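# Close look at the chain arrangement
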Amino acid sequence: MEPITVIVETPKGSSHKYDYEPGLKCFKLKKILPAGLIFPFDFGYIPDTKGGDGDPLDVIVISEISTFPGCCMDCRVIGALKVLQTERDGSTMRNDRYLAVPIVSQLFSDVNTMLHLPEDIINQLENFFKNYNEQAGKKFEVLERVEAEEAYRMIKA
């Protein structure tokens, strides 16, 4: 599989959520997370893609480093969480989360699929997204965990 390019919106360890605003051509502070809730890894998107919510596809970048909003990196896809997200108004949509590892990562250099990660990391990611969405008055339901090759096909579809 070819690497994908990821643009980081919110860095690992941040309690601030940033979104890229194409019209302004900058990153804008979207919200401040509740006390104690932080992004466990860098969170961003795959440019020139579109998810069920109309935004570019979401990616969580599993890595030993924390970058910055706007950081662009090449990553390998290691899997995805197929997700149903229910908005505050009751509308439901697919809003999958892709998992990737930076090509330059040393600590995760042997991770090519979600199966190579400890189960606790995947469980913690699922719980983070459930809690994060619950704080925003939304529901986040994981339908299925998807391995690397299928996740890559979903991105390219």
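Now for a look at the structure at hand.

Reading the values: the criteria
- Residues numbered from 1 in each chain as written.
- Predicted model: local features only at pLDDT ≥ 70, side-chain atom pairs only at ≥ 80, totals over all residues.
- Heavy atoms only, no water.
- Helix = DSSP H or I, 4+ residues; strand = E, 2+ residues; numbered from the N terminus.
- Rg over C-alpha atoms; globule rule 2.2 N^0.38 Å.
- Buried < 20%, exposed > 50% of the residue type's maximum accessible area, 1.4 Å probe, protein only.
- Contact = heavy atoms within 4.5 Å.
- Areas by Shrake-Rupley, 256 points an atom, 1.4 Å probe, with all protein chains shown as cover.
- Salt bridge = Lys/Arg side-chain N within 4 Å of Asp/Glu carboxyl O.
- Core = buried A, V, L, I, M, F, W, Y, C linked by side-chain atoms within 4.5 Å.
- Expected span 1.5 Å × (residues − 1).
- Arc of directions from axis to C-beta.
- Pairing = 2+ DSSP bridges.

## Some details on the overall build of the protein chain
Counting its secondary structure elements, the protein chain contains two helices and nine strands. Reading the secondary structure of the protein chain in the N-to-C direction produces β-β-β-β-β-β-β-β-α-β-α. For 157 residues, the compact-globule estimate of 2.2 N^0.38 gives 15 Å, and the C-alpha radius of gyration of the protein chain, at 15 Å, lies within 12% of that figure. Along the three orthogonal principal directions, the C-alpha set of the protein chain runs to about 40 × 30 × 30 Å. Across the 157 residues of the protein chain, 46% fall into the buried class. Sequence-distant contacts, at least 24 apart, represent 65% of the contacts inside the protein chain between residues at least 6 apart. Within the structure as shown, the protein chain displays about 8200 Å² of accessible surface, and the carbon and sulfur contribution to it stands at 50%.

## Some words on the pattern of salt bridges
Oppositely charged side chains may form a pair once their charged atoms are brought near each other. Summed over the entire model, instances satisfying the criterion amount to 10 salt bridges. Where Glu144 meets Lys82, a salt bridge forms, and the shortest distance between an N and an O atom there is 3.7 Å. Of this pair, Glu144 sits in strand E9 (residues 139-147) while Lys82 sits in strand E6 (residues 72-86), and the two are 62 residues apart along the sequence. According to the relative accessible area criterion, Glu144 is partly exposed, its value standing at 37%. On the basis of relative accessible area, Lys82 is assigned to the buried category, the value being 17%. For Glu150, the salt bridge identified is with Lys82, shortest N-O distance 3.2 Å. Residue Glu150 is found in helix H2 (residues 148-156), and its partner Lys82 is found in strand E6; the two are separated by 68 residues along the sequence.

## Structural notes on the nonpolar core
Ile60, Ile62, Ile78, Leu99, Leu117, Leu125 and Phe128 are the most contacted members of the largest nonpolar core, which has 23 residues in total. Taken together, the elements giving at least two residues each to this core come down to E6, strand E8 (97-102) and helix H1 (119-135). For this core, the leading source of residues is H1, giving six residues. Not counting the four nearest positions on each side in its chain, Leu99 is found in contact with Ile60, Arg76, Val77, Ile78, Gly79, Ala80, Leu81, Met114, Ile122 and Leu125.

## A few points about the environment of Cys26
On the secondary structure map, Cys26 appears in strand E3 (residues 26-32). Measuring from C-alpha to C-alpha, the distance between Cys26 and Asp110 comes to 34 Å, with 84 residues separating the pair along the chain. In this structure Cys26 touches Asp19, Tyr20 and Glu21, once residues within four positions along its chain are discounted.

## A look at H1
Residues lying three or four places apart along an α-helix face the same way, a consequence of the helix completing one turn every 3.6 residues. If you check H1, its first and last C-alpha atoms are 24 Å apart, about what 17 residues at 1.5 Å a residue would give, namely 24 Å. Those residues of H1 that fall on the buried side of the exposure criterion are Ile121, Ile122, Leu125, Glu126, Phe128, Phe129, Tyr132 and Asn133. What you see down the axis of H1 is that its buried residues fit within an arc of 155°, all on one side. Opposite the buried face of H1, by more than 90 degrees, sit the exposed residues Asp120, Gln124 and Glu134.

## Notes on the environment of Phe68
For Phe68, the location among the structural elements is in the loop between strand E5 (57-61) and E6. Beyond its immediate sequence surroundings of up to four residues, Phe68 is in contact with Val8 and Pro11.

## Considering the pairing of E5
Within E5, five of the five residues are buried, which leaves the element mostly enclosed by the surrounding structure. Here E5 shows no split at all, with Leu57, Val59 and Val61 on one side and Asp58 and Ile60 on the other all buried. Relative to E5, strand E4 (residues 42-46) is paired through five bridges, and the arrangement is antiparallel. Opposite Phe43, over in E5, you have Ile60 as the bridge partner. Pairing of E5 with E8, which is carried by four bridges, proceeds in the parallel orientation.

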